[in-house]
Amino acid sequence: MTILVTGATGHLGRLVIDSLLARGAAPDDVVAGVRDLDRASDLVDRGVRAVVVDYDRPDTVADALRGVDSVLLISGSEVGRRVEQHRAVIDAAAAAGVTKLVYTSAPKATTSGLVLAPEHKATEELISASGVPAVILRNNWYTENYAGTVEQARATGAFAANVGDGRVASASRRDFAEAAAVVLREDGHVGQVYELGGDVAWNYDELAAAISEVIGSPVEYRRVRADEHLAMLAEAGLDEGTAGFVVALDAGIAEGALADSDGTLSRLIGRPTTPLVEGLRAL
Ligand SMILES: NC(=O)c1ccc[n+]([C@@H]2O[C@H](COP(=O)([O-])OP(=O)(O)OC[C@H]3O[C@@H](n4cnc5c(N)ncnc54)[C@H](OP(=O)(O)O)[C@@H]3O)[C@@H](O)[C@H]2O)c1
């Protein structure tokens, strides 16, 4: 059974390939879809085949998917361009007769108010309309997203956010990668929409305490309003668009967009998800 992983030179993609191999996939059954073959030499050294998959070049996607059984479509990183990019993979999967298309989506993508949700919702709809047998992995936040927060706290002893008391059921990338590998390797799962998050949904006071434990000095979480946060980010040099995006993400967290976790991720991977402190320490 041939499994192709797109975005294979990205953080999540590499971990998915690690997990597939660790779970017994034969290296020559695994195909790394990458934009730049030169950056895949470590994967090739492990016996994995690397092929060019560039969402912006649909011909590369069509060529790569021919003869492939299962595909993991790792969502692209260019916000605003992703629906068209993902469409190239979905169309190619349909044309190639792929028997399992797995997609990394966002929590409650079809109903969420999170600023990132619309592109994931649109992609899920394209997948559904394509008729390709599919599995949706609605991944919550990576704990790794807080690397910058840890550095800020180390430098200043504090960090600010407009999330209020909102909670985040984060897990480490490795947890999400293992879940993808399980779903790709095992029979079944087709038709499922999995909401995947860490076992514990923490708030930002708990984040401050966890960072404090990791860096060994006190850390304060400063609750600020959205307009205050926007001004702080602008003063720190962020452009208007990026600052607005950060503030909108925080507003989503404040409204509970990332707060739910039903244990599906730990059930899929057969172990508890990586605790917040451990995930931060690994950074
Ligand atoms: N759940 C979360 O907290 C969270 C956080 C951040 C991102 N995400 C989403 O999850 C995805 C994977 O996360 P990550 O940490 O692995 O991100 P990452 O390290 O930035 O990897 C993104 C991957 O997508 C590939 N890619 C981007 N544009 C592409 C295109 N036009 N054609 C083909 N491949 C393309 C990149 O290729 P190159 O290696 O050539 O650059 C890279 O391999 C992200 O792309 C984003 O959609 C989720």
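Residues numbered from 1 in each chain as written. Predicted model: local features only at pLDDT ≥ 70, side-chain atom pairs only at ≥ 80, totals over all residues.

Q: Please explain the packing of helix H1 (residues 11-22) against helix H7 (residues 173-185) as it appears in this structure.
A: How two helices sit against one another is set out by the angle between their axes and by the gap between those axes. Between H1 and H7, whose axes approach to 8 Å, the crossing angle comes to 55 degrees. As judged from the angle between their axes, H1 and H7 are oblique. For the element pair H1 and H7, the recorded crossing hand is right-handed. The segment H1 lies against H7, with His-11, Leu-12, Leu-15, Val-16, Ser-19 and Leu-20 engaging Arg-173, Arg-174, Phe-176, Ala-177, Glu-178, Ala-180, Ala-181, Leu-184 and Arg-185. When the residues that make up the contact of H1 with H7 are grouped by side-chain class, the tally is nine nonpolar, two polar and four charged. (Axes fitted to C-alpha atoms, helices over the stretch in contact; angles between N-to-C directions. Helix = DSSP H or I, 4+ residues; strand = E, 2+ residues; numbered from the N terminus. Parallel < 35°, antiparallel > 145°, perpendicular 65-115°, else oblique. Left-handed = near helix turned anticlockwise from the far one by under 90°. Contact = placed C-beta atoms within 7 Å. Nonpolar A, V, L, I, M, F, W, Y, C, P; charged D, E, K, R; others polar.)

Q: How should the site of the ligand be read in this particular structure?
A: Among the 24 residues in the neighbourhood of the ligand, the closest are listed as Gly-7, Gly-10, Leu-12, Arg-35 and Ser-75. In terms of residue count, H1 provides more of the shell around the ligand than any other element does, three residues in total. Broken down by class, the residue content of the shell around the ligand amounts to six nonpolar, 13 polar and five charged. Residues from two domains meet in the shell around the ligand; each of domain 1 (3-139) and domain 2 (141-171 + 198-260 + 274-283) gives at least three. (Near = placed C-beta within 6 Å. Domains from an automatic or database assignment.)

Q: Quick question: what am I supposed to make of the sheet that holds strand S9 (residues 193-196) here?
A: Within a sheet, neighbouring strands are paired by backbone hydrogen bonds and run either parallel or antiparallel to one another. An order of S3-S2-S1-S4-S5-S6-S9 is seen for the seven strands of this open sheet, with the pairing classed as parallel. Looking along the sheet, the strands with just one partner apiece sit at the ends: strand S3 (49-52) and S9. For this sheet the average axis-to-axis angle between neighbouring strands, irrespective of direction, equals 20 degrees. With four bridges connecting them, strand S6 (residues 134-139) and S9 associate as parallel partners. The residue bridging Asn-139 from the neighbouring strand is Leu-196, located in S9. (Pairing = 2+ DSSP bridges.)

Q: Got a minute to help me understand the nonpolar core in this structure?
A: With 56 residues, the main nonpolar core has Val-102 and Ala-180 as its most contacted residues. Broken down by element, the residue count for this core peaks at seven residues, all from H7. Dropping the residues within four chain positions of it, Ala-180 is found in contact with Val-16, Leu-72, Val-102 and Leu-137. Leu-114, Leu-207, Val-214 and Leu-280 belong to the second-largest nonpolar core, a separate cluster that totals 27 residues. (Core = buried A, V, L, I, M, F, W, Y, C linked by C-beta atoms within 7 Å. Buried ≥ 20, exposed ≤ 12 C-beta atoms within 10 Å, placed from the backbone.)

Q: How should the domain arrangement of the chain be read in this particular structure?
A: How large an interface is tends to be reported as the accessible area lost when its parts come together. In terms of domains, the chain is made up of domain 1 (3-139) and domain 2 (141-171 + 198-260 + 274-283). Each of domain 1 and domain 2 was reduced to a C-alpha centroid, and the two centroids are 28 Å apart. Taken together, the residues of the side of domain 1 that touches domain 2 sort by class into three nonpolar, two polar and no charged.

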